[in-house]
Structures are given as C-alpha cells and as structure tokens.
Amino acid sequence: MMNPVWTFLIAGPLLWVASWAWALYSNYRAAKLSGLPILISPFSPDKLPYLLLKVPLRPILETLLPFPGVVVSIVGWEVRDKYRIHERYGPAFILVSPDKNELWCADPDMTQSILSRRRDFPQLPMTITIMSAFGTNMLTSNGEDWSRQRRIVGPNLNERISEGVWSESMTQAHQMVDYMLRQPGGASAETSDAMRAIAINVLGEVGYGQSKPFAPLKLPRDPNADLTYVEAISLCAELIVVAVFVPKWLMRLSWMPDILKTLATALDKLPGLTSKMLEMRRKEGVHLSAAAGGKMNDDFMSMLVRLSDAGKGGDAAGAAGGKQSLTEDEIGGNLFLFTAAGFDTTANTLTYAMTILAATPEWQAWMQEEIDQVLGKGDDDDARNYVAVYPKLSRCLAVMFETLRLHAPVPHIGRSIPHPTSIEVRGKTHQLPGRSILYINETCMQVLPSIWGADSLEFKPSRWIEPGGELGAEKLVTPERNTFLPWSGGPRVCPGQKMAQVEFVTVMAATFSRCRVEPVAKGARRQRRRRRD
Ligand code: HEM
C-alpha cells in the first residue's frame, strides 16, 4: 500500500489541477453562451497570490505566456494597450479564468444598456468593501438606498457650490504661483504635491468649511501629531486600500514606515473627529439660525447635517418618513466619499495637464490666448466673477477634456453581474453569465481611431472646439454618446463633475494668466514656472 504522505503529495496536486481545469471549463461553457469572443487566462486576476505577484512578474509572464488572456489579466492592461486588443477581438469580449468571467466592453451601444440598467448591474462587491470602510455612502449603495442618497446629496454638489469652488481654487492657484515663482529660477519638483494641495484645500473649504493657505502637500508622517479632520480624512482616502486590508497592529510595528503608523492613528481618530465636526456644525447651525435669520454655512458638511436633522425632525422633510434623510453612518460615509472620490481624481487630472502643457508649449500658448482675451493679465477683481468669466473659458475646459480622454483617472468602470442576464446590442441578444463582473473600458473607447480619428492618441485639445467661433465665445464639441466617459454615465454619473470642471478651469486660468510652465532638463525631475512678460 502507498505511504499516505506520498498519496497526499501525488493526489493533492492532481486534485488541484483537476478542480482548476473543471472551473476553467465550466466558466468557458457559460461564457460561450454569450456569443462574444473569449480570451482565456490560466490565472484568476483577483486571487491574492496572483494579485500580489502579477505586476512585478509582468515582464516574465508576458514573455513566457504572450497570450492576450494573460495580458488582460494584469491590472492596468488597458492603459498600456489602448485599443489594440479590442481592435483584434472586437468591442466586447469575455476573459475566462478559473475563478470567474470578466466582460470587457468598449462598445458604446452595450455601454448604454449597462449604465442604464443599474439594478441588473450593481456596484462591484470589492468596491463596496473598500469604499464603505468609513460608513455606507452613495457609491457603495444599490437599489432604493442609492436612490435616496443620490436624491439628497447629488443636487447639492452642482451649481450651488460652483461659486465657492471658483473662488477658493482662484485663491489657491494664485498662492501656488506666488510660491513657485519664489523658488530659485522658478523651478520646482513639486508639481504633483502642488496640485494635490490645491485639490485637498478646495475640498477642505467647500466640503468642510476648513480653509488652509497653499503649501505643497505632504501627507502627515508623525503618528503622535494632532491630526485635523481634513488631514485624517485625506490620509485615509489616499491610503484606502491599506486602511481596509492591513490590520492596525501591523501598521504600528516599529519597523513600519511612519506614514503607516500615522495612518493607524488617523483610523483611530477619524470617527471621533467626524462626530466632533458634526457636533460643532450643529451648534454653529443653531447659533447661525438665531443670528443670521435661519441661515447656515453652505459647505457640504453643513448641508448633510441640515438634511439629516430635517429628516429626523417634524418638518416636511421629516414627514417624508426617512425618504429625505441620512443616518449618522451615511453622513460619515458620504463625507468620506466626498474626499475619496474628489481628491486624487481632480489632483491627477491637474497634474497630467500641467505636465503635458509643459511639454507642448504650442497648446499652452493656444490656451493662454483665450485666458488673455477673457481675463487680461494678472489677478484682477473681474477674474473673480464666476458667472461672467467661467462660461467663456472653453479652451481651458477643452484642455481638461483632452487630458481626461487620454489619461482618465478612473480607467474603467466596474459592475457585477450577479445573475445570468441578457443584453441586447444592435438587435443581437447576448446571454451574460451570472457570478461575473464587467468592466466598461472607457480608456479604449476614448482613443478608438474609428471614433476619434487617426490622431486619436495625440494630445490635441482643439478637437473639442467647434470651428469658426470667436475667441472667448467658442463652443465645445459634444462627443458621440458613450464615447467619452471619464465621469461615467447614466444615472450613476459622477455628481462632482461640475465641481471638478470649475476647479480645473480656474486653476488653469489663474496659473497661465501669470506664468508659463516648461520642463527642466531630463533627469532633474523638475518643472519650471516663469513669470510672463
Ligand atoms: C476629474 C475629476 C473626477 C473624475 C474623473 C471622477 C470620476 C468618477 C467616476 C468614473 C465615477 C463613477 C464610478 C462608478 O460608478 O463606479 C464617479 C462617481 C462619483 N464621484 Fe467622481 N470624479 C471626479 C471628481 C469628483 C468630485 C470633485 C467629487 C465630489 C467632491 C466626486 C464625487 C463622486 C461621487 C459621490 C460618486 C458616486 C456617485 C454614485 O455612485 O452615484 N467626483 N466619479
């Protein structure tokens, strides 16, 4: 009889291979019913060992296993590949792996069906786990809970706050220019830190009523320092994945970097800081109601407090039986989401734009022509008039759109397919397998030559401007439906879209009315801002 150890050593791997092959085959059979092209990966993209190893092992994997299925299983493939794999395998295909199937869609018509059917294609479980770490919020909710939060929060993120965003972004950008021009030779390696500082300071002011003068952003790295609410929330938002998956005791070990130790402190302090801020806001509200005829601050936090308290009270909103209110957990969660969703996205867009403009002086001059026409040079009082000035800065907005077209901060939109469901595209029905996930690949759709032309990979902001308009009154091109989705689309479209646009345009206008940017010699890792003549 065979020794049990040998039996285990031989049978174990055989069983593992058999279950791997069976899982792959079952998923393949389910995917085949869709009638969509199929790519196969022997690895499950989301399984922990592969999740940790696939990026460092990418050069080896792609050399030894140069199959499209393997390429697509490595995170960020769409950013590297652009449109090549979709061009070869079609606008939608299914990646089959032993764990589950992934539908990758770069088809505007299929995208339309997916985005409009939010109940059939809810948020990914992983997104919910990560983003609800600090309370339930709009992004992590589905069904009725999502509708209620969206109805309450969404409208308040739009035009109401734009003037505040414009004014704070203008202040921040002018302080940033002053700071940069003070550096020796106007050269600085802090472009990204500067843009991140502007993004967080605007969120701090508009979101939480906490204004702060500009200084390039350095995340707090002292676990014993007193953290402010904005510092704690921005650190948690920045390191959200670590915050969710790494236990606090591990972050605190003596050999861990200071930033992780500080994150552990922030995680401990955030709930208390949130309650304190909310309490202060409530007290302030009472004070202001007496002194200012019932008026409260108009920042995002005040708005959430007001809505939640109105919902609990005996007024009309309260009478709606909770339909118009948020729980304390939802207030905390949506406050966190406000930073988590609005910080890096806006900061990265600004950083990409500054860097690209430094490398393309011709587009800088093109945008400056408009800024000079609309604002004149310098920090003029007229420039502070949002209503009069913002709509005239079409080229600045075109630069944002073109930056987002080529470098979307959210490179794909993920959804789950919990149950088998069918989807109709151009008269053809596809049966999608259940227990799968889908990704809308806007990174690809935004550069498809069939939609954007042969120069689709070129940075060319003028493609967004209707020809023949007068400078300062030029109109923006509306792209074909679902071909430009940096803010997603359908009912779950990003509610912070207008805020990000106003902030971006203001920073461009304020910066380039006073200086131009240029790269400093390769290797120096710096960017130079020069005062304009
Ligand atoms: C350039 C800047 C931005 C980009 C590219 C961006 C992109 C996106 C995208 C793609 C989504 C959809 C995610 C999904 O459905 O899975 C989204 C959702 C969201 N964004 Fe933004 N965003 C930006 C700025 C902001 C700002 C400034 C805020 C608010 C301060 C914000 C708040 C939100 C919220 C609350 C959601 C969830 C909406 C829902 O699920 O109904 N975003 N954003």
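Residues numbered from 1 in each chain as written. Predicted model: local features only at pLDDT ≥ 70, side-chain atom pairs only at ≥ 80, totals over all residues. Heavy atoms only, no water.

An unreviewed UniProt entry lists the protein under the name Cytochrome P450, with Bombardia bombarda given as the organism. Taken verbatim from the UniProt record of the protein, the Cofactor (unreviewed entry) comment is "heme". (UniProt positions renumbered as here; feature names shortened; annotations may be inferred.)

J.: In this structure, what is going on with the overall build of the protein? I would like to understand it.
T.: Scanning the protein from N- to C-terminus turns up 24 helices and 10 strands. In terms of C-alpha radius of gyration, the protein reaches 25 Å, essentially the compact-globule figure of 24 Å for 533 residues. Considered along the principal axes of its C-alpha atoms, the protein spans approximately 90 × 55 × 55 Å. Restricting to contacts in the protein with at least 6 residues of sequence separation, those with at least 24 account for 70%. In the form shown here, the protein has an accessible surface area of approximately 24500 Å², with 59% of it arising from carbon and sulfur atoms. Of the charged side chains in the protein, 59 are positive and 55 negative; the average position of the first set lies 4 Å away from that of the second. (Helix = DSSP H or I, 4+ residues; strand = E, 2+ residues; numbered from the N terminus. Rg over C-alpha atoms; globule rule 2.2 N^0.38 Å. Contact = heavy atoms within 4.5 Å. Areas by Shrake-Rupley, 256 points an atom, 1.4 Å probe, with all protein chains shown as cover. Lys, Arg positive; Asp, Glu negative; His and termini not counted. Charge placed at Lys NZ, Arg CZ, Asp CG, Glu CD.)

J.: Would you take a moment to explain the coordination of the iron atom of the ligand for this structure?
T.: Note on metal geometry: ideal angles are 109.5 degrees for four donors arranged tetrahedrally and 90 or 180 degrees for six donors arranged octahedrally. Exactly one protein atom donates to the iron atom of the ligand; that atom is Cys494 (SG), 2.3 Å from the metal. Here Cys494 shows up in the loop between helix 23 (449-452) and helix 24 (497-514). (Donors = N, O, S within 2.8 Å, 3.2 Å for Na, K, Ca; no water.)

J.: Explain the domain arrangement of the protein here, please?
T.: Note on interface size: it is often stated as the accessible area lost on association of the parts. Domain annotation for the protein reports domain 1 (24-129 + 412-446) and domain 2 (152-410 + 447-483 + 486-531). Taking only C-alpha atoms, the centre of domain 1 and the centre of domain 2 are 31 Å apart. On the side of domain 2, 23 residues touch domain 1, which itself brings 21 residues to the contact. Between domain 1 and domain 2 we count zero salt bridges in total. (Domains from an automatic or database assignment. Salt bridge = Lys/Arg side-chain N within 4 Å of Asp/Glu carboxyl O.)

J.: What's the story with the UniProt feature "binding site: heme" (unreviewed entry) in the protein in this structure? I'm lost.
T.: Per the UniProt record, the feature "binding site: heme" (unreviewed entry) sits at Cys494. Ignoring anything within four residues of it in the chain, the contact list for Cys494 reads Arg150 and Trp487.

J.: Is there a simple way to explain the pattern of salt bridges in this structure?
T.: Two side chains of opposite charge can pair, provided their charged atoms sit close to one another. On inspection of all chains with the given rule, the structure shows 30 salt bridges. Among the ionic pairs, Asp99 bridges to Lys100, the shortest N-O distance being 3.5 Å. Classification of Asp99 as partly exposed rests on a relative accessible area of 28%. Between Asp109 and Arg426 there is a salt bridge; the shortest N-O distance is 2.7 Å. Within this pair, whereas Asp109 is found in helix 7 (residues 108-116), its partner Arg426 is found in the loop between strand 6 (421-425) and strand 7 (428-432), the two being separated by 317 residues in sequence. The structure contains a network of salt bridges with shared partners spanning Glu402, Arg405, Asp455, Lys460 and Arg463. (Buried < 20%, exposed > 50% of the residue type's maximum accessible area, 1.4 Å probe, protein only.)

J.: It is not clear to me how the packing of aromatic side chains should be interpreted in this structure. Could you clarify?
T.: As enumerated under the stated definition, the model contains 19 aromatic pairs in all. Look at Trp77 and Phe93: their rings are 6.3 Å apart centre to centre, the planes differ by 50°, and that puts the pair in the tilted class. Note that Trp77 is positioned in helix 5 (residues 77-81) and Phe93 in strand 2 (residues 92-96), a separation of 16 residues in sequence. On the basis of relative accessible area, Trp77 is assigned to the buried category, the value being 1%. Residue Phe93 is classed as buried on the basis of its relative accessible area, which comes to 0%. (Phe/Tyr/Trp six-rings, centres within 6.5 Å; stacked < 30°, edge-to-face > 60°.)

J.: Help me out: how do you make sense of the site of the ligand in this one?
T.: In the vicinity of the ligand there are 25 residues, among which Trp146, Arg150, Arg415, Arg492 and Cys494 approach most closely. A distance of 2.8 Å separates an oxygen atom of the ligand from a polar atom in the side chain of Arg415. In terms of residue count, helix 18 (residues 328-359) provides more of the shell around the ligand than any other element does, seven residues in total. Of the residues that constitute the shell around the ligand, the class distribution is 15 nonpolar, seven polar and three charged. (Near = heavy atom within 4 Å. Polar contact = N/O pair within 3.5 Å; in protein donor to acceptor, adjacent residues only side chain to side chain. Nonpolar A, V, L, I, M, F, W, Y, C, P; charged D, E, K, R; others polar.)

J.: What should I look at first to understand helix 11 (residues 191-208) in this one?
T.: Because each turn of an α-helix spans 3.6 residues, side chains separated by three or four positions in sequence point in the same direction. Between its terminal C-alpha atoms helix 11 stretches 25 Å, which fits the 26 Å expected from 18 residues at 1.5 Å a residue. Among the 18 residues that make up helix 11, 15 are buried, leaving the element largely enclosed by the rest of the structure. (Expected span 1.5 Å × (residues − 1).)

J.: Would you take a moment to explain the state of the cysteines for this structure?
T.: In protein structure, a disulfide is the covalent linkage between the sulfur atoms of two cysteines. On inspection of all chains with the given rule, the structure shows zero disulfides. Considering cysteine sulfurs only, Cys444 is the nearest to Cys105, which forms no disulfide, with 9.5 Å between them. A disulfide-free cysteine, Cys515 has its sulfur positioned 13 Å from the sulfur of Cys396, the nearest such atom. Judged by relative accessible area, which is 0%, Cys515 ranks as buried. (Disulfide = S-S within 2.5 Å.)

J.: Please explain the packing of helix 11 against helix 12 (residues 229-238) as it appears in this structure.
T.: When two helices pack together, their arrangement is given by the angle between their axes and by how far apart the axes lie. The geometry of helix 11 relative to helix 12 is characterised by a closest axis approach of 11 Å and an angle of 125° between their N-to-C directions. Our classification of the angle between helix 11 and helix 12 gives oblique. Note that helix 11 runs across helix 12; the crossing there is right-handed. Of the residues in helix 12, those in contact with Arg196, Ile200, Gly204 and Tyr208 of helix 11 are Tyr229, Val230, Ile233, Ser234 and Glu238. (Axes fitted to C-alpha atoms, helices over the stretch in contact; angles between N-to-C directions. Parallel < 35°, antiparallel > 145°, perpendicular 65-115°, else oblique. Left-handed = near helix turned anticlockwise from the far one by under 90°.)

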